[in-house]
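Understanding the architecture of this molecule
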Amino acid sequence: MEESKPEDALFSRQEYADKDFWDDRFAKTKGAFDWYASWDELEEFIAPLLKEDGSDEILMVGCGNSKLSSQMYDANHKKISNIDISEVVIEKMKEQYTDKPEMTWSVMDALDCTFDNDRFDIAIDKGTLDALVCGDDRTNGVLLVKEMGRQVKKGGHMVIITHMKPEGRVPIIHAALGEYRWEVDYHKCNLSISSQMINIMRSKLGKKPLAAGLKDKELLKKALLELMLERAQNSKGKKKKEPVVEEKEKTEMSEEDAKIKIKQAFEIYKLRKEQKKQREAQEKLEAERKSKERAEAEAKGEEGQTETTNHEQAGDSEQTAQNNFVYDPRRQNHCYVYLLKRINDEDDE
């Protein structure tokens, strides 16, 4: 099946937390799309948590039109309860996967599920947390993790796949799970090829829609070359996975401390966003200045000066791209996989 690309329109972050936005998006989208990573990238982290006989009960939160559940089903992990707030996408997925009868598809709010406590062996979220914290009420992120935790059995696991670093996600986890005991560790995970390519394209396009890049053959060539170089670099430097495990006392952060950490993380996010705006404003002023200089040089017939100015502008554009590579989260070529284990009562003794 041909994978569809995200909608080309330029959406605000706020819309990612809106149900109507997703209904409209899924109604217009054909095929499948996976945020961040597929089973190919995630298997090494999730498979060790699952029984080989396929008996685990799995909750897939905010399933969307991802292939992840289908790929896990094909790997003999079939007892998957898929939920999403969008009735549009749930109906599409039901029709698409009639050949996988052990999977279920339900329209359900991930913040208020109808499943019993301690129902699942593992609950998985890929991107839902990121979408929810884009909204006005950022406490929804805490509510999501808390609701997922409620449904996980003692000794069971939660898996949260997100683009955000630990300082932006661990406080949310602590705030949500303060009444339970959980072991927490996290890993970097390479993006899928399609996600990485989209990130590269978007970093080069700025505020232009993705469709504009698909029509630009030269930009496509550069993006593909960059993709191949990055994939080769990742493959060459790949080492055996080493989990970054939190010390046990850190998993017992107080609710008040967690709230402070969340506030600090959001303040850092706002500061970085403001810094990005300032950089863009400076770049715009610099581009206008150089454009004026070129116009004056052309009027005087100073061809050499024009060439120099163009060369400087190309250098500035290259430097801007390098800055985006460092600061722009769209250029991050990995996501984070948070693995949480609910501790048994026996482990407390």
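Here goes a summary of the coordinates provided. Position numbers for residues start from 1 in each chain and track the written sequence from start to end. pLDDT decides what is reported in this predicted model: residues at 70 or higher carry local features, side-chain atom pairs at 80 or more are listed and counted, and totals for whole chains, interfaces and linings draw on all residues regardless. Note that the side-chain values use all heavy atoms of the structure and ignore hydrogens as well as water.

For the rest of this paragraph, the subject is helix α2 (residues 39–46). Each α-helix winds once per 3.6 residues, and so residues spaced three or four apart point in a common direction. Restricting attention to buried positions, one finds in α2 the residues W39, E41, L42, F45 and I46. Projected down its long axis, α2 shows its buried positions confined to an angular sector of 155°, all on one face. The cut-offs for exposure are 20% and 50% of the maximum accessible area for each residue type, with area from a 1.4 Å probe on protein chains only; residues under the lower value are buried, those over the upper are exposed, and the others partly exposed. Secondary structure elements follow DSSP: runs of H or I no shorter than four residues count as helices, runs of E no shorter than two count as strands, and numbering proceeds from the N terminus. Each direction from the helix axis to a C-beta atom contributes to the arc, which is the arc of those directions.

For the rest of this paragraph, the subject is the pattern of salt bridges. A side-chain nitrogen of Lys or Arg and a carboxyl oxygen of Asp or Glu constitute a salt bridge if their distance falls within 4 Å. All chains considered together, the criterion is met by 11 salt bridges. Salt-bridge contacts for K100 lead to D74; the nearest nitrogen and oxygen are separated by 3.6 Å. A residue pair is termed long-range when its members are at least 10 positions apart, and K100 in the loop between α4 (87–96) and β3 (104–107) and D74 in helix α3 (residues 68–74) qualify at 26 residues. The exposed category is assigned to D74, whose relative accessible area is 57%. Between R150 and E147 there is a salt bridge, and its shortest N-O distance comes to 2.8 Å.

Here we take up the side chain of R169. Relative to the elements of secondary structure, R169 occurs in helix α7 (residues 166–176). For this analysis, a polar contact is any N or O atom pair within 3.5 Å, provided that within protein one partner can donate a hydrogen and the other can accept it, and provided that sequence-adjacent residues contribute only side-chain to side-chain pairs. Here the side chain of R169 touches T162 through a polar contact of 3.2 Å, side chain to side chain.

Before going further, it helps to examine the nonpolar core. Among soluble globular proteins, nonpolar side chains are generally buried collectively. Core analysis: the biggest nonpolar cluster contains 31 residues, and V145, M158, L177, Y338 and L340 have the highest contact counts within it. Sorting the residues of this core by element identifies β1 (58–61), β4 (120–126), α5 (128–132), α6 (139–151), β5 (152–162), α7, β6 (182–190) and β8 (334–342) as the ones contributing at least two each. With five residues, α7 is the single largest residue contributor to this core. Between two residues, a contact is recorded if the distance between any of their heavy atoms is within 4.5 Å. When near neighbours in sequence (up to four residues on either side) are disregarded, L177 contacts V145, K146, G149, M158, W182 and L340. Residue types Ala, Val, Leu, Ile, Met, Phe, Trp, Tyr and Cys, when buried and joined through side-chain atoms within 4.5 Å, form a set referred to as a nonpolar core. Residues M60, C63, I80 and V159 belong to the second largest nonpolar core, which totals 29 residues.

Within 6.5 Å between ring centres, the rings of Phe, Tyr and Trp (the latter by its six-membered ring) count as paired, and their orientation is classed by plane angle as stacked under 30 degrees, edge-to-face over 60, tilted in between. Throughout the structure, instances matching the rule amount to four aromatic pairs. On the numbers, 5.9 Å between centres and 10° between planes, the contact of Y97 with W105 is stacked. Assessed through its relative accessible area of 10%, Y97 is described here as buried. Ring centres of Y186 and Y338 lie 5.7 Å apart, and the angle between their planes is 40°; this geometry places the pair in the tilted category. Separated by 152 residues along the polypeptide, Y186 in strand β6 and Y338 in strand β8 bring together distant segments of the chain. This pair shows no difference in class: Y186 is buried, exactly as Y338 is.

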